[in-house]
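What the coordinates show
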Amino acid sequence: MDCLCCADGGQGPTSETEFLGSICNLDNGKAKFPAEDGRYVMYVIAGCPFAARPWSVLSFYGIPSNSNTHGLRVIKLFPAAHDDGWFLQPVSQGEQDLLHAFPDAKCDSLTPTPEGCTPLDPRFFPEDKTTFHHISQLYEFAKPGFQGAKSVPLLWDTKSHTIVSNSSLGLSEMIATQMAPTMATRNQHIRLFPSCQTDDENEKQLYLQHKELVKQIHSKITTAVYKINSVTDGGEHDRMVNDYYSALETYQTQIVDNGGYLMGTTPKFVDLLLLASLVRLDLAYQWRFGLGRKSIRENYPGLMKYMTGMLEMEGMMGDCILPRDIMALYWMTPKWVNRTLPLVPETWEVECVGGSCEWKRKDDDREDGEKK
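Keep in mind that what you see is a predicted model, and the values were worked out from it rather than measured. (Residues numbered from 1 in each chain as written. Predicted model: local features only at pLDDT ≥ 70, side-chain atom pairs only at ≥ 80, totals over all residues. Heavy atoms only, no water.)

**What to know about the overall build of the chain**
Helices and strands together make up the secondary structure of the chain, namely 11 helices and 6 strands. Counting every position in the chain, which comprises 372 residues, the buried fraction comes to 51%. For the chain, the proportion of contacts with a sequence separation of at least 24, taken over those separated by at least 6, is 67%. Counting every atom, the chain has about 17600 Å² of accessible surface; 51% of that belongs to carbon and sulfur. (Helix = DSSP H or I, 4+ residues; strand = E, 2+ residues; numbered from the N terminus. Buried < 20%, exposed > 50% of the residue type's maximum accessible area, 1.4 Å probe, protein only. Contact = heavy atoms within 4.5 Å. Areas by Shrake-Rupley, 256 points an atom, 1.4 Å probe, with all protein chains shown as cover.)

**Looking at the pairing of strand S1 (residues 40-44)**
Taking burial as the measure, the 5 residues of S1 include 5 buried ones, the bulk of the element. Both faces of S1 are covered, namely the face carrying Tyr40, Met42 and Val44 and the face carrying Val41 and Tyr43. Taken together, the 4 bridges between S1 and strand S3 (residues 154-157) define a ladder with antiparallel strand orientation. Each residue of the ladder has a partner; that of methionine 42, found in S3, is leucine 155. Bridge count between S1 and strand S2 (residues 73-76): 4 bridges; the pairing is parallel. Paired with tyrosine 43 across the bridge in S2 is isoleucine 75. For the handedness criterion, the β-α-β arrangement of S1, helix H1 (residues 52-60) and S2 is classed as right-handed. (Pairing = 2+ DSSP bridges. Right-handed = clockwise from strand over helix to strand, strands pointing away.)

**Section: the environment of isoleucine 255**
Relative to the elements of secondary structure, isoleucine 255 occurs in helix H7 (residues 234-257). In sequence terms isoleucine 255 and threonine 265 are 10 residues apart; their C-alpha atoms lie 9.1 Å from each other.

**Here's the deal with the pattern of salt bridges**
Inspection of every chain in the model, using the stated rule, returns 10 salt bridges. Across the pair arginine 39 and aspartate 157 runs a salt bridge, and its minimum N-O distance is 2.7 Å. Taken as a pair, arginine 39 in the segment before S1 and aspartate 157 in strand S3 lie far apart in primary sequence, 118 residues in all. For the pair shown, arginine 39 and aspartate 157 are each scored as buried. Aspartate 108 is paired through a salt bridge with lysine 76; the nearest N and O atoms lie 3.7 Å apart. Of this pair, aspartate 108 sits in the loop between helix H2 (93-101) and helix H3 (135-142) while lysine 76 sits in strand S2; the two residues are 32 residues apart in sequence, bridging distant segments of the chain. We classify aspartate 108 as buried; its relative accessible area is 4%. (Salt bridge = Lys/Arg side-chain N within 4 Å of Asp/Glu carboxyl O.)

**Brief notes about the state of the cysteines**
Linking two cysteines covalently through their sulfur atoms gives a disulfide. Under the defined criterion, the tally for this structure stands at 1 disulfide. The disulfide partner of cysteine 6 is cysteine 24, and the gap between their sulfur atoms is 2.0 Å. Note on the cysteine 6 and cysteine 24 pair: the S-S dihedral is about -105°, so by sign convention the disulfide is left-handed. Of the two residues, cysteine 6 sits in the segment before S1 while cysteine 24 sits in the segment before S1, which places them 18 residues apart along the sequence. (Disulfide = S-S within 2.5 Å.)

**Comments concerning the packing of helix H5 (residues 201-222) against helix H8 (residues 269-288)**
Packed helices, taken two at a time, are described by their axes: the angle between them and the distance between them. Contact geometry of H5 with H8 gives a least axis separation of 9 Å together with a crossing angle of 5°. With respect to H8, the element H5 is oriented roughly parallel. Packed against H5, whose contacting residues are His210, Leu213, Val214, Ile217, His218, Ile221 and Thr222, the element H8 presents Phe269, Val270, Leu273, Leu274 and Ser277 at the interface. For the contact of H5 with H8, the class distribution of residues is 8 nonpolar, 4 polar and no charged. (Axes fitted to C-alpha atoms, helices over the stretch in contact; angles between N-to-C directions. Parallel < 35°, antiparallel > 145°, perpendicular 65-115°, else oblique. Nonpolar A, V, L, I, M, F, W, Y, C, P; charged D, E, K, R; others polar.)

**Observations concerning unusual backbone geometry**
Peptide bonds are trans in most cases, and residues, glycine excluded, mostly fall at negative phi. For the peptide bond that leads from valine 152 to proline 153, omega is 5°, which places it in the cis range. Assignment of secondary structure puts proline 153 in the loop between H3 and S3. With phi around 50°, histidine 161 is a residue other than glycine that occupies positive phi space. Relative to the elements of secondary structure, histidine 161 occurs in the loop between S3 and strand S4 (162-165).

Geometric values such as these leave the question of function open.
And the structure:
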């Protein structure tokens, strides 16, 4: 994206179903959305792996996300949705019930909370803030009759009162290439996105490799779980699950062979992409999406080490990774109900020969003579 995103000043291609603009760090006055400190806000859901993409880039670089005047303000909507989509303030009875069931959700509010949450600035909204309650209203205000998915992440421009972008991949690269150079407070020496604006052939190859790997992770890992959850044919479901596990094996080997990350000894954006899915697999997918046959903790030691190492990076746990709020999306949103029967976990498999059954968990380290 850094090859093209600001070629037209960040206007972006026209689309009826997406917003594809970009903040641009240009010094020629031609940027439609200039990289101004504190001008933009990004709406997210803690559990959404797509919203996690730009949010994790923001956290990786330490760009301020809790200030109304500096950096890029992140606004966390309630972490689960009812019939009317993502909301900031509950309106329907169903939404009020969600809030009652999870009163400690780490979402932002129009008024200060007992925990001292920074109240949201009125300029974050297109009209009187008392009338704003759902993310869908921003889409309708920016483009009346908008027909695309009213999704997160969503980047809002508080000056022009419009949506800049709702492309998770585009926003991620935009933050890394257009905002981090002037706003980062940590990891400034790490380029999450290789550049194609170079004469260095090795760097160009790295750019292409990274781009292709992002596509693979998106297809084989990130979106695969939603396809698994929606399939109604049992045989097809089992095949897709096994393909998913095979992909995890492949990426685990790649990480170990390359020295700790997917493309070498330092993280790239594609590592943050994979991290978002691994966290959700460990917290939710293995139960909610029928992926409990294998687990990161028992079956993928390389991925477990990789995940925990990245979670220990400053700005990850408790900032852009909120475990219980992540779980809330998958347990409290009514539309996600398992449609197919999950495979039995490997650790529950029993081998019976001649009427005698042997059941031994992989983590069972008891003495052979101890009664089981």
